[in-house]
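Each chain, letter by letter, is given below.
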Amino acid sequence: MEDIIKKRLGNFVLLGLSKNIQLSNDDIHLKVQELNNNDKSKGFGHMALIQVSDLPNTLEESLEFVTSTIQKKKTQNYYMHLSTFINDKRETEMITFALKRWALPNEKLENFIKVDSFNRQDANESFILKNT
């Protein structure tokens, strides 16, 4: 399951190779904090991208969801659940953007709701796209 989460679209953030290597083994909250750090003395400073500036809000919403809905304590699956929710949220945003941005002139796009890994129907599914 961890390999699937690593390859999800929601993990995609435009970073230079050196920054990506520097952050590779840090916890999620440390990565988000460093990406939004304005202290340039560490070499990189703030990554001035909308997708990066949105990460603290995404992380906060994800932490709230995981701690209130799934598990109250940091068990062995805590970071897996946190990563899953972050990926679901970011993938939902990216898919919604793509559907709106590149829709055909008369195309109706009301079927897509969100990516929801926690409500999948089949244990073999890694995640689902909820439709109306």
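To be clear, the structure that these remarks concern was listed above.
Since this is a predicted model, take the numbers as computed values, not measurements. (Residues numbered from 1 in each chain as written. Predicted model: local features only at pLDDT ≥ 70, side-chain atom pairs only at ≥ 80, totals over all residues. Heavy atoms only, no water.)

**Q** Just to check I follow, could you spell out the nonpolar core for this structure?
**A** Core analysis: the biggest nonpolar cluster contains twelve residues, these being Val-13, Leu-23, Ile-28, Val-32, Leu-35, Val-52, Leu-55, Leu-59, Val-66, Tyr-78, Leu-82 and Ile-86. Elements supplying a minimum of two residues to this core: α3 (28-35), α5 (55-70) and α6 (78-101). Apart from the residues lying within four places of it in its own chain, the contact partners of Ile-86 are Ile-28, Thr-58, Leu-59 and Ser-62. (Core = buried A, V, L, I, M, F, W, Y, C linked by side-chain atoms within 4.5 Å. Buried < 20%, exposed > 50% of the residue type's maximum accessible area, 1.4 Å probe, protein only. Helix = DSSP H or I, 4+ residues; strand = E, 2+ residues; numbered from the N terminus. Contact = heavy atoms within 4.5 Å.)

**Q** What exactly am I supposed to notice about α5 here?
**A** At 3.6 residues per turn, the α-helix brings residues three or four places apart onto the same side. Taking 1.5 Å per residue, 16 residues should reach 22 Å; α5 reaches 21 Å between its end C-alpha atoms and fits that length. Residues of α5 that are buried make contact with α3, α4 (50-53) and α6. (Expected span 1.5 Å × (residues − 1).)

**Q** Sorry if this is basic, but what is going on with the pattern of salt bridges here?
**A** Between side chains of opposite charge, a pair can form when the charged atoms approach closely. Applying the stated criterion across every chain, the model contains three salt bridges. The residue Lys-89 makes a salt bridge to Glu-61 at a minimum N-O spacing of 3.4 Å. Of this pair, Lys-89 sits in helix α6 while Glu-61 sits in helix α5, and the two are 28 residues apart along the sequence. Among the ionic pairs, Lys-114 bridges to Asp-116, the shortest N-O distance being 3.9 Å. We classify Asp-116 as buried; its relative accessible area is 4%. (Salt bridge = Lys/Arg side-chain N within 4 Å of Asp/Glu carboxyl O.)

**Q** Quick question: what am I supposed to make of the packing of α3 against α5 here?
**A** The relative placement of two packed helices comes down to the angle between their axes together with the axis-to-axis distance. Two numbers describe how α3 lies on α5: the axes approach to 9 Å, and their chain directions differ by 155 degrees. The orientation of α3 relative to α5 falls into the category roughly antiparallel. Taken as a pair, α3 and α5 cross one another with a handedness that is left-handed. Only Leu-55, Pro-56 and Leu-59 of α5 make contact with α3, whose side of the interface consists of Ile-28, His-29, Val-32 and Leu-35. For the contact of α3 with α5, a count of residues per class yields six nonpolar, one polar and no charged. (Axes fitted to C-alpha atoms, helices over the stretch in contact; angles between N-to-C directions. Parallel < 35°, antiparallel > 145°, perpendicular 65-115°, else oblique. Left-handed = near helix turned anticlockwise from the far one by under 90°. Nonpolar A, V, L, I, M, F, W, Y, C, P; charged D, E, K, R; others polar.)

**Q** Help me out: how do you make sense of α3 in this one?
**A** Within α3 the residues assigned to the buried category are Ile-28, Val-32, Glu-34 and Leu-35. Projected down its long axis, α3 carries its buried residues within an arc of 165 degrees, all on one side. (Arc of directions from axis to C-beta.)

**Q** Just checking my understanding: could you explain the layout of surface pockets for this structure?
**A** Where empty space is left becomes clear once a probe the size of a water molecule has been rolled over the atoms. In this model, the second largest pocket occupies a volume close to 260 Å³. Lining the second largest pocket, in full, are Phe-12, Ile-50, Gln-51, Asp-54, Arg-90, Glu-93, Met-94, Phe-97, Ala-98 and Trp-102. For the lining of the second largest pocket, the elements supplying multiple residues, two or more each, are α4 and α6. Considering each element in turn, the lining of the second largest pocket owes the most residues, five residues, to α6. Considering only residue class, the lining of the second largest pocket consists of six nonpolar, one polar and three charged. (1 Å grid on protein atoms, 1.4 Å probe; cavity = no way out; pocket = protein on both sides within 12 Å on 5 of 7 lines; lining within 4 Å. Points joined across faces, edges and corners; volume = space filled by probe spheres on them.)

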